[in-house]
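As a plain string of letters, each chain reads:
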Amino acid sequence: MIYYFSGTGNTKFVADFLADRLGDEVVSMNTLIKEKKMIDDRSRTPVIFAAPIYAWRYPLVVENLIKKAKINRNKNVYFIATCESQYGKTDIYLKKIAESISVNYMGFAALYMPNNYLFGGKISTPEQTEQILTEALPKLEKIAKRIQNNKKFCDKDNTPAAFLMSGAINTAMYKFMVSSKNFKVSDQCISCGKCEKICPMNNIKLVKGQPVFGENCTWCFGCITRCPKKAIDIKGKTEGKRRNVCPDYKAWMIKRNM
Ligand SMILES: Cc1cc2nc3c(=O)[nH]c(=O)nc-3n(C[C@H](O)[C@H](O)[C@H](O)COP(=O)(O)O)c2cc1C
């Protein structure tokens, strides 16, 4: 069973690829979190978790969901992350979580994906997205083969700063930065309600047709990136910036006759 969390589509692409190669099913952790449901897995296939890297770790909401997961049958658990460039010591944190829920940690693998991160350098153009996804395919194939052959993943970041990034810097980001208090809505808003519907944290409510943000944002940036009118911005940060949502895996493959 493949459990994925995705704000801007990269990790969903990876999860759908693996489901296709492994003949397995996907479960959206966005939906589980939104509906306040737990993971109670009874599948025969290994459990695969896939999530983006947020500040050199899995997103806090995803770590918290996995910490409460019940994995009842196949205890082999793989962890995959999508990121722009750095994942720090994510593997160490995930190994500890795996131990705490008494499953077999089958390792960590990272994939470099198109840049959709509004605070992280230049957002990928459609051409760059195309190139990066094409370059990711060989590693995705290898990941699928390792799972099929019951082999562990072994990606590691051995740079000295990695501990600091996944530790103190990660904590500081959640404490001082992660919030929707500077999100603003322009008069381009058409009250379609897409933002409210997709927010995994139930942090958006439409009031008189306009999105109002609560205090439970996790910075997946799904609302900003997927708004059909680019009507949501972070004050002073995202105005005029390109938005990039990763293409749907199946549509992408069909377009390439793959
Ligand atoms: C809040 C936040 C923090 C991020 N931190 C990192 C990071 O530390 N390292 C990195 O390489 N990418 C980082 N990124 C980029 C994402 O990991 C990357 O775009 C990921 O593939 C997004 O997955 P998604 O499209 O499935 O949401 C960050 C993105 C967000 C939204």
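Procedures and definitions
Residues numbered from 1 in each chain as written. Predicted model: local features only at pLDDT ≥ 70, side-chain atom pairs only at ≥ 80, totals over all residues. Helix = DSSP H or I, 4+ residues; strand = E, 2+ residues; numbered from the N terminus. Rg over C-alpha atoms; globule rule 2.2 N^0.38 Å. Buried ≥ 20, exposed ≤ 12 C-beta atoms within 10 Å, placed from the backbone. Contact = placed C-beta atoms within 7 Å. Domains from an automatic or database assignment. Near = placed C-beta within 6 Å. Core = buried A, V, L, I, M, F, W, Y, C linked by C-beta atoms within 7 Å. Pairing = 2+ DSSP bridges. Axes fitted to C-alpha atoms, helices over the stretch in contact; angles between N-to-C directions. Expected span 1.5 Å × (residues − 1). Right-handed = clockwise from strand over helix to strand, strands pointing away.

**Student:** Even after reading the chapter, I still don't get the overall build of the protein, so can you show me in this structure?
**Tutor:** The number of helices and strands found in the protein is nine helices and eleven strands. In summary, the protein has a C-alpha radius of gyration of 18 Å against a globular reference of 18 Å for 258 residues, a match within 12%. Each principal axis of the C-alpha distribution contributes one length, and for the protein these read about 55 × 45 × 40 Å. Going through the 258 residues of the protein one by one, you find that 38% of them count as buried. Sequence-distant contacts, at least 24 apart, represent 75% of the contacts inside the protein between residues at least 6 apart.

**Student:** What is the right way to read the domain arrangement of the protein from this model?
**Tutor:** The parts lose accessible area when they come together, and the size of an interface is often stated as this lost area. Annotation of the protein at the domain level lists domain 1 (2-160 + 248-255) and domain 2 (178-234). Opposite the eleven residues of domain 1 that make contact, domain 2 presents ten residues. Counting only elements with at least two residues in the side of domain 1 that touches domain 2, the list comes to helix H2 (29-34) and helix H3 (60-67). Broken down by element, the residue count for the side of domain 1 that touches domain 2 peaks at three residues, all from H2.

**Student:** Mind showing me how you'd approach the site of the ligand here?
**Tutor:** Around the ligand, the surrounding shell holds 24 residues, and the nearest of these are Ser6, Asn10, Thr11, Pro52 and Cys83. Elements that contribute at least two residues to the shell around the ligand include exactly helix H1 (10-22) and strand E6 (76-83). The residue makeup of the shell around the ligand includes at least three contributed by each of domain 1 (2-160 + 248-255) and domain 2 (178-234).

**Student:** Any chance you could explain the nonpolar core here in plain terms?
**Tutor:** The tendency in soluble globular proteins is for nonpolar side chains to be buried side by side. Within the largest apolar cluster, 64 residues are counted, with the highest numbers of intra-cluster contacts made by Ile48, Phe49, Ala50 and Ile80. When residues in this core are grouped by element, the largest group, six residues, is from E6. Inspection of this core shows a minimum of three residues originating in each of domain 1 (2-160 + 248-255) and domain 2 (178-234). If we skip the residues at most four places from it in the chain, Ile48 touches Ile2, Leu18, Tyr78, Ile80 and Ile147.

**Student:** Please clarify how the sheet that holds strand E1 (residues 2-4) should be interpreted in this entry.
**Tutor:** Consider a sheet: its strands pair through backbone hydrogen bonds, and that pairing is either parallel or antiparallel. Strands sit in the order E2-E1-E4-E6-E7 across an open sheet of five strands; the sheet is parallel. Every other strand in the sheet has two partners, leaving strand E2 (26-28) and strand E7 (104-112) as the edge strands with one partner each. Between one strand axis and the next, the sheet turns through 20 degrees on average, direction left out of account. Alignment of strand E4 (residues 47-52) against E6, held across six bridges, turns out to be parallel. Residue pairing in the sheet places Phe49 in a bridge with Phe79 of E6. Against the sheet, helix H5 (residues 126-148) makes contact with E4, E6 and E7, and its axis sits at roughly 165 degrees relative to E7, the strand it touches most.

**Student:** Before we go on, may I ask you to explain the environment of Cys199 in this structure?
**Tutor:** Mapped onto the elements, Cys199 comes out in the loop between helix H7 (194-198) and strand E9 (204-207). For Cys199, a count of 25 C-beta atoms within 10 Å puts it in the buried group. Separated by 168 residues in sequence, Cys199 and Thr31 have C-alpha atoms that sit 9.2 Å apart. Among residues more than four places away in sequence, those in contact with Cys199 are Ile204, Gly222 and Cys223.

**Student:** I tried to follow the environment of Asn115 on my own but got confused; where do I start?
**Tutor:** Tracing the backbone through its elements, the reader meets Asn115 in the loop between E7 and H5. Considered as a pair, Asn115 and Thr125 are ten residues apart in the sequence and their alpha carbons are 8.8 Å apart. Once residues lying within four places of it in the same chain are set aside, the contact partners of Asn115 are Glu84, Gly120, Gly121, Lys122, Ile123 and Ser124.

**Student:** Just checking my understanding: could you explain H5 for this structure?
**Tutor:** Residues three or four positions apart in an α-helix share a direction because the helix packs 3.6 residues into each turn. Here H5 contains 23 residues, and its C-alpha end-to-end distance of 32 Å stays within 8% of the 33 Å for a straight helix at 1.5 Å per residue. Three or more residues of H5 are buried, namely Thr129, Leu133, Ala136, Ile143 and Ile147. Contact partners of the buried residues in H5: H1, E4, E6, E7 and helix H9 (249-255). Just downstream of H5, Asn150 is the residue with a positive phi angle, here 65 degrees.

**Student:** Where do I start with unusual backbone geometry in this structure?
**Tutor:** Phi is mostly negative for residues that are not glycine, and the peptide bonds are mostly trans. Backbone geometry at Ser102 places phi at a positive 55 degrees, although glycine is not the residue there. Located in the positive-phi region is Lys230, a residue other than glycine, with phi close to 50 degrees. Tracing the chain through its elements places Lys230 in the loop between helix H8 (222-226) and strand E11 (232-234).

**Student:** Explain the pairing of E7 here, please?
**Tutor:** Looking along a regular strand, one sees side chains alternate from face to face of the sheet. As judged from the seven bridges shared by E6 and E7, these two strands associate in the parallel manner. Paired with Asn76 across the two strands is Asn104, which belongs to E7. Chirality of the crossover, the property in question, places the unit of E6, helix H4 (residues 90-100) and E7 among those that are right-handed.

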